[in-house]
Structure formats: structure tokens, C-alpha cells
Amino acid sequence: MMKRTVPRLCLCSALIVGLLCFIWGNSLLPGQDSGNLSGFVGMLLQKLLPFLDLQSDMGMYLLRKAAHFSEFAALGMSFTWLYGMLSQKRVWSLVLPLFSGACAAAIDETIQIFS
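A quick note: this is a predicted structure, and the numbers were derived from the prediction, not measured. (Residues numbered from 1 in each chain as written. Predicted model: local features only at pLDDT ≥ 70, side-chain atom pairs only at ≥ 80, totals over all residues. Heavy atoms only, no water.)

Caption draft 1: Examining the side chain of E71 more closely. Note on placement: E71 falls in helix α3 (residues 57-86). No salt bridge is formed by the buried E71; the nearest opposite charge belongs to R64, separated by 9.3 Å. With residues near it in sequence (within four places) discarded, E71 still touches F22, I23 and N26. (Helix = DSSP H or I, 4+ residues; strand = E, 2+ residues; numbered from the N terminus. Buried < 20%, exposed > 50% of the residue type's maximum accessible area, 1.4 Å probe, protein only. Lys, Arg positive; Asp, Glu negative; His and termini not counted. Salt bridge = Lys/Arg side-chain N within 4 Å of Asp/Glu carboxyl O. Contact = heavy atoms within 4.5 Å.)

Caption draft 2: Just α3, in detail. When the terminal C-alpha atoms of α3 are compared, their 44 Å separation across 30 residues agrees well with the 44 Å that a helix rising 1.5 Å per residue should span. Taken together, the buried positions of α3 are G59, M60, L63, E71, L75, S78, F79, L82, Y83, G84 and M85. Contacts made by the buried residues of α3 are with α1 (6-28), α2 (31-48) and α4 (92-114). (Expected span 1.5 Å × (residues − 1).)

Caption draft 3: Layout of the nonpolar core. Formed by C12, I16, L19, L20, I23, L75, F79, L82, Y83, M85 and A104, the largest nonpolar core amounts to 11 residues. The set of elements that each furnish at least two residues to this core consists of α1 and α3. (Core = buried A, V, L, I, M, F, W, Y, C linked by side-chain atoms within 4.5 Å.)

Caption draft 4: Highlighting the layout of surface pockets. Volume-wise, the largest pocket comes out at about 590 Å³. Considering the residues around the largest pocket, the lining is formed by 20 residues, among which N26, S34, S38, R64 and H68 are closest to the centre. Those elements that place two or more of their residues in the lining of the largest pocket are α1, α2, α3 and α4. Among the elements that take part in the lining of the largest pocket, α3 stands out by supplying 6 residues, more than any other. Taken together, the residues that form the lining of the largest pocket break down as 7 nonpolar, 8 polar and 5 charged. (1 Å grid on protein atoms, 1.4 Å probe; cavity = no way out; pocket = protein on both sides within 12 Å on 5 of 7 lines; lining within 4 Å. Points joined across faces, edges and corners; volume = space filled by probe spheres on them. Nonpolar A, V, L, I, M, F, W, Y, C, P; charged D, E, K, R; others polar.)

Caption draft 5: Here's a closer look at a nonpolar patch on the surface. A grouping of L37, F40, V41, M43 and L44 is seen on the molecular surface, where their side chains present a nonpolar patch of about 420 Å² in accessible area. Looking at where L44 falls in the secondary structure, it is placed in helix α2. (Patch = residues over 30% accessible without salt bridge, like charges linked within 9 Å, V, L, I, M, F, W, Y side chains within 5 Å. Areas by Shrake-Rupley, 256 points an atom, 1.4 Å probe, with all protein chains shown as cover.)

Here you go:
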């Protein structure tokens, strides 16, 4: 079990809330606004990494998928950190992050359907 302290629990909880706000906030954006934001990020990355082809449709698709993967990877690591501090049994520190991540993803997909 990881060392549990109140500051660590607060930091981890705040990180999870911030990530969920970021993920779900982006899902609430209309498609055109989300596309414009992705285009802006793609343009910045293109300047930093000129060898990437992010202006094509496939490049933009890969950029959006990489961003989605990164968001949920960070969320999964944060859930694992939180439940690792809270759980006495190792199995629950693995099952609960998976369940929480699946619930967050289901809510995210539901938001995207309605926005």
C-alpha cells in the first residue's frame, strides 16, 4: 500500500477532478469548435515538430486519438494512485481504477452523443 497522507489524497483527488473537467469540458464543445481547437493544437505542434504531417485528415485524426488516449491514460494513472492509497487489498487497487475509468469513458461518450 502506498503511503496515505491527507495532502497526497487531496492532490490526487484534485488532479482527478481537474482531468474529468478537462475531458468532459472538451466533450461538451460542438464539433466545429472541437475541430478548430484540434487544428490550433496541430498547427502549434507542426511548428515544433515540422517532420509530422498534422495538416492532413489522417494526421488530424491521429492527433485527436493521441490526445484522447493521453487524457484517459493520465486519468487511469490518477485513479490507480488514489485507490492504491485507499485500498488495503491489491485486487481492489486494480479493479476500482478500471471500473472508475470505464464509468468516466461511458459518461464521456454519452456527453459526446448529446453535444
